[in-house]
Each structure stands twice: as C-alpha cells, then as structure tokens.
Amino acid sequence: MAKLSSRITSITSGGSDGWEVFYRARKMVADGEQVTELTIGEHDVRTDNSILDAMHRSALGGHTGYALVPGVHALRDAVAKRIQTRTGAPTTAENILITPGGQSALFAAHMAVCSPGDTALYVDPYYATYPGTIRSASANPVAIPTRARDAFLPSPDEITKASQTHNARSLLINSPNNPTGSVYPRENLEAIAQTCIDTDMWLISDEVYDTQIWEGEHISPRALPGMIDRTLVVGSLSKSHAMTGSRIGWIVGPVDAINCLIDLATSTTYGVPGYIQDASLFALEQGDALEEQIAAPFRRRRALILDVLAEQNTVTAIPSNGAMYTMLDIRATGLSGFDFAQALLSEHKIAVMPGESFGTSAAGHIRVALTVDDAKLSDSVRTICKFAQELSEET
Ligand code: PMP
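If you're wondering where the values come from, they're calculated on a predicted model, not measured in any experiment. (Residues numbered from 1 in each chain as written. Predicted model: local features only at pLDDT ≥ 70, side-chain atom pairs only at ≥ 80, totals over all residues. Heavy atoms only, no water.)

Novice: Where do I start with the overall build of the protein in this structure?
Specialist: Helix and strand counts for the protein stand at 13 helices and 12 strands. Relative to the 2.2 N^0.38 estimate, which gives 21 Å for 395 residues, the radius of gyration of the protein is 21 Å and therefore close to what a compact globule would have. Its C-alpha atoms give the protein principal-axis dimensions of roughly 60 × 55 × 55 Å. Across the 395 residues of the protein, 55% fall into the buried class. Pairs at least 24 apart in sequence give 75% of the contacts found in the protein among residues at least 6 apart. (Helix = DSSP H or I, 4+ residues; strand = E, 2+ residues; numbered from the N terminus. Rg over C-alpha atoms; globule rule 2.2 N^0.38 Å. Buried < 20%, exposed > 50% of the residue type's maximum accessible area, 1.4 Å probe, protein only. Contact = heavy atoms within 4.5 Å.)

Novice: Please explain the state of the cysteines as it appears in this structure.
Specialist: Here is the idea: a disulfide is a covalent bond, and it sits between the sulfur atoms of two cysteines. Applying the stated criterion across every chain, the model contains 0 disulfides. In this structure Cys 114 is not part of a disulfide, and its nearest cysteine sulfur, from Cys 196, lies 12 Å away. (Disulfide = S-S within 2.5 Å.)

Novice: What's the story with the sheet that holds strand 8 (residues 249–252) in this structure? I'm lost.
Specialist: The strands making up a sheet associate through backbone hydrogen bonding, with each pair oriented either parallel or antiparallel. In spatial order, the strands read 2-8-7-6-5-3-4; together these 7 strands make up an open sheet with mixed pairing. Both outer strands of the open sheet, strand 2 (96–99) and strand 4 (140–145), are each paired with one neighbouring strand and no more. Within the sheet, the average angular offset between the axes of one strand and its neighbour, ignoring direction, is 20°. Pairing of strand 6 (residues 202–206) with strand 7 (residues 231–236) involves 4 bridges; the strand directions are parallel. The partner of Ser 205 across the bridge, within strand 7, is Val 233. Its contacts with the sheet place helix 7 (residues 156–166) against strand 3 (119–124), strand 4 and strand 5 (170–174), and it is angled at close to 155° to strand 4. (Pairing = 2+ DSSP bridges. Axes fitted to C-alpha atoms, helices over the stretch in contact; angles between N-to-C directions.)

Novice: Which parts of the structure should I look at to understand the sheet that holds strand 11 (residues 350–354)?
Specialist: Here we have 5 strands laid out as an open sheet, ordered 1-11-12-10-9, and mixed in their pairing. Looking along the sheet, the strands with just one partner apiece sit at the ends: strand 1 (36–38) and strand 9 (316–317). Across 2 bridges, strand 11 lies against strand 12 (residues 365–369) in antiparallel orientation. Bridging across to strand 12, Met 353 finds its partner in Arg 367.

Novice: Hey, could you run me through unusual backbone geometry in this one?
Specialist: For residues besides glycine, phi is generally negative; the peptide bonds are generally trans as well. A cis geometry characterises the amide bond from Ser 175 onward to Pro 176, with omega recorded as -5°. Turning to its location among the elements, Pro 176 is positioned in the loop between strand 5 and helix 8 (186–198). Here Arg 247, not a glycine, exhibits a phi torsion of approximately 55°, which is positive. Relative to the elements of secondary structure, Arg 247 occurs in the loop between strand 7 and strand 8. Judged by relative accessible area, which is 36%, Arg 247 ranks as partly exposed.

Novice: Is there a simple way to explain helix 13 (residues 374–394) in this structure?
Specialist: Because an α-helix packs 3.6 residues into every turn, residues spaced three or four apart end up facing the same way. Taking 1.5 Å as the rise per residue, helix 13 with 21 residues should run 30 Å; its terminal C-alpha atoms sit 30 Å apart, in good agreement. Of all the residues in helix 13, the buried ones are Leu 377, Ser 378, Ser 380, Val 381, Ile 384, Cys 385, Phe 387, Ala 388, Leu 391 and Ser 392. Along its buried surface, helix 13 packs onto strand 1, helix 11 (288–309), strand 10 (325–329), helix 12 (337–348), strand 11 and strand 12. The N-capping residue of helix 13, defined by a side-chain oxygen 3.2 Å from the backbone nitrogen of Ala 375, is Asp 373. (Expected span 1.5 Å × (residues − 1). Polar contact = N/O pair within 3.5 Å; in protein donor to acceptor, adjacent residues only side chain to side chain.)

Novice: Honestly, the site of the ligand in this entry has me stumped. Any pointers?
Specialist: In the vicinity of the ligand there are 15 residues, among which Gly 102, Asp 206, Ser 236, Ser 238 and Arg 247 approach most closely. Tyr 127 places a side-chain nitrogen or oxygen 3.4 Å from a nitrogen atom of the ligand. A distance of 2.8 Å separates an oxygen atom of the ligand from a polar side-chain atom of Asn 178. Surface burial for the ligand is 93%, taken as the share of its 400 Å² of free accessible area covered by protein chains. Among the elements that line the shell around the ligand, the one with the most residues is helix 5 (residues 101–113), at 4 residues. Broken down by class, the residue content of the shell around the ligand amounts to 5 nonpolar, 7 polar and 3 charged. (Near = heavy atom within 4 Å. Areas by Shrake-Rupley, 256 points an atom, 1.4 Å probe, with all protein chains shown as cover. Nonpolar A, V, L, I, M, F, W, Y, C, P; charged D, E, K, R; others polar.)

Novice: Would you take a moment to explain a nonpolar patch on the surface for this structure?
Specialist: Taken together, the side chains of Met 1, Leu 4 and Ile 8 present a nonpolar region at the surface, about 390 Å² in accessible area. Checked against the element boundaries, Met 1 lands in the segment before helix 1 (6–9). Met 1 sits in the exposed class, given a relative accessible area of 90%. (Patch = residues over 30% accessible without salt bridge, like charges linked within 9 Å, V, L, I, M, F, W, Y side chains within 5 Å. Salt bridge = Lys/Arg side-chain N within 4 Å of Asp/Glu carboxyl O.)

Novice: I tried to follow the packing of helix 2 (residues 20–30) against helix 12 on my own but got confused; where do I start?
Specialist: Two quantities define a packed helix pair, namely the angle between the helix axes and the distance between the axes. At their nearest, the axes of helix 2 and helix 12 sit 10 Å apart, and the two run at 10° to each other. By the criterion of interaxial angle, the relationship of helix 2 to helix 12 is roughly parallel. On helix 12, the residues that touch Glu 20, Val 21, Arg 24, Ala 25 and Met 28 of helix 2 are Phe 338, Ala 341, Gln 342, Leu 345 and Ser 346. The class makeup of the residues in the contact of helix 2 with helix 12 is 6 nonpolar, 2 polar and 2 charged. (Parallel < 35°, antiparallel > 145°, perpendicular 65-115°, else oblique.)

Novice: What am I meant to see in the side chain of Ser 220 here?
Specialist: Structurally, Ser 220 can be placed in the loop between strand 6 and strand 7. Among the polar contacts made by the side chain of Ser 220, one reaches the side chain of Glu 207 at a distance of 2.9 Å. Setting aside residues up to four positions removed in sequence, Ser 220 forms contacts with Thr 87, Glu 207 and Val 233.

Novice: Sorry, what's going on with the environment of Tyr 66 here?
Specialist: In this fold, Tyr 66 is placed in the loop between helix 3 (49–60) and helix 4 (73–87). For the pair Tyr 66 and Pro 273, spaced 207 residues apart in sequence, the C-alpha separation works out to 7.0 Å.

Here you go:
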C-alpha cells in the first residue's frame, strides 16, 4: 500500500483506544452470551414513533434530494429560538450550522479555530473521541487534568497555565459531563470564561447533555459576558430526543465563523438529509414535554443507584448532577478501572467502561451508563458493589 498521511495514521495515539471492554462485551453478545451492557450512551428506548412518522412524511413528500448545506432555514431558526429562550444570548438562524451529529460539529469547531499544529486544550476525564477529534483537525491535544475530590471540575489556574505554556487556541469543555456527570457551576464557568478572555482562546462548549440536569442548572458559557464572540457551542438531538442514529446536531457561533464553517461543510459533509432535518424540526416543536419524557428514566435511575450505594461503603459515586452516566470509585479494590471492568465482565457478565478509557484523571473508576431498565440496573450495581467488596477483602 502507498503511504498514508501522518494526519490520518496518528488520529489515535497508538496503544489502547479505550474501547476494549466494550468490544469484548459485543463479541460475547454476538457469541450468544447474556451480557448486561452498561457501556455506551444509548437510550433503551428508540426514537419516538411520532418523529419517525414526520421523517417518513418528509421523505415521501420528496425531501430526499440535496438539502441546503447550512441546514433548512426552519430548523436553523428553531434551534436559534430554543437557544435564545434557554440561555438569553441573542441568537438567529445565521448563528447556526446544522451538522450530521454533535461529533462532526466537534471536529468542525476545531477546524474553525485551530490552524495546523496549534494546541487545543480539553478537560480530562473526557468523552473518548476528543483527542482523536482534535488530531483529525491537525491540532495538538493537551489535556487539563482534574481530580475526583473536586468533582472533576477544571481549575481555571491550570487552564491559564496550560494556555500560556502552549499558546493554546481553544479550550473544549463539556457540561453536563460525560463521563463524570459533573455539571459545571456558574462560578466555575465564569472563571473559565475569564481565562479564555485573558489568554485569547476560543471556548468550544459541548452541550449535548443540556436536557439531562438532575441537580443545579445548565449554564451555557456563550451567554456569559464577553463570550459570545469567542464561543462555539456544540449541540445535538442524539441525547435529548433519543435520535442517536439520525446523526443530527449543530454548531452555534458568531456569523463570520458560521459562514466559514458552511464552506467547510460544503467541502466535507455537504449537509444533512432533508427528511432528517424535517423530523428534527418536528421533534423540537414538541417542546419540553418530550425532552422531559426522554430524560425521566435517567433521573430516576441515578437516584436508584444512590440508594443501592447507600447500602455499603466500598464503592462511592462521584456526584452525578447530569447526563446518563454515574462514575463509581472502585479504588478500594486496589484494581485499575480497566482490570476491574475486565474481571466484572468475566465473572458477572456486566460490561461497564473503565475510567481509564476517558483519560488518566478517572483511573480507578468505572462509568456506568444508566441505559437498562430500573430493576436490572439496581441488580447490576448491587453485584458491582458486592464484587468490589470481595476484591477489597482480598487485598
Ligand atoms: N459529546 C459528548 C460528550 C458525547 O457523549 C457524545 C456522544 N456520546 C457526543 C458529543 C456526540 O454525539 P452525537 O454525535 O451523537 O451528537
């Protein structure tokens, strides 16, 4: 084979990609074994039939040709109105680019603000694709470590230091957070915003879990003073409307940045299918009620997990104030999150994500996705606690 580009061969940094336990569990399922999968952020309900009906109507109505690259106007407008209503920041359709999912929006956002070789900061623990996404944009990913005892909130001082050391162009944050469930409080976001202003960085704010808040409130840093012209917000209907497979998301940003991002979309994705956009517009028009209905099981299950954890004291939870995951501290077992997750899968056929899959800051933790029915989830967490207790007695 002829030589591939260094850009594409270095997207993963080599070594572990963090998905070993997930793929092992999938293989066990394919081989006919019963595995409880608490790994990825996929709802246990499918996209609502009413949304699928809207998609069907649109496709039959002929919306199967090329759609407008920036997104159909009505959807851009609906996203803009939703954002303006929820955050107070002035937003029009011209501030919105519709993208095939939040993931492609993350890539496009880094393409927009980092030149090749520029440093892009991100917070560890992080959603597993972040460093690869930054490298795909030919930028240099630098992680800001956080600590369990600080609820995994990033320290503004450490951000400033890293920004100055690397002359960073951007900082990527994610609240509510995957994998930790942290919801960044206002004071923390204000301090982060100030570091972006002081060190002249863009803030890329991944808000794909904005409808899943269990404690506190969701604050979009784009609405903070001085931030509207240096923030790109990544959004998606994957989590809020159980539309992961529809690949529909957006970027919110200054009009000039969106215009450049439209050029990028024209030369990469060439937009999003019109029938998906029409279904997404229908989904947004259902308002808060549908979003609350989709978030409700996670709210309930997060409380259930806390009840189960209260029965013992080997495993503790990181306060999970949002998103569809709970991070459990299993350091009492003396095992790494990776070894614990592998052993749990072998012994009890329960698959969870090792904390190490999300960076070094979450070592010794596991991430449990709240994506199976309540009884199964409680039983699984009880089994995890018992297993951790047995292991901790051995050490
Ligand atoms: N950001 C975070 C933090 C995520 O967890 C995910 C998906 N798991 C995404 C972005 C991407 O979501 P999508 O591309 O489905 O919109």
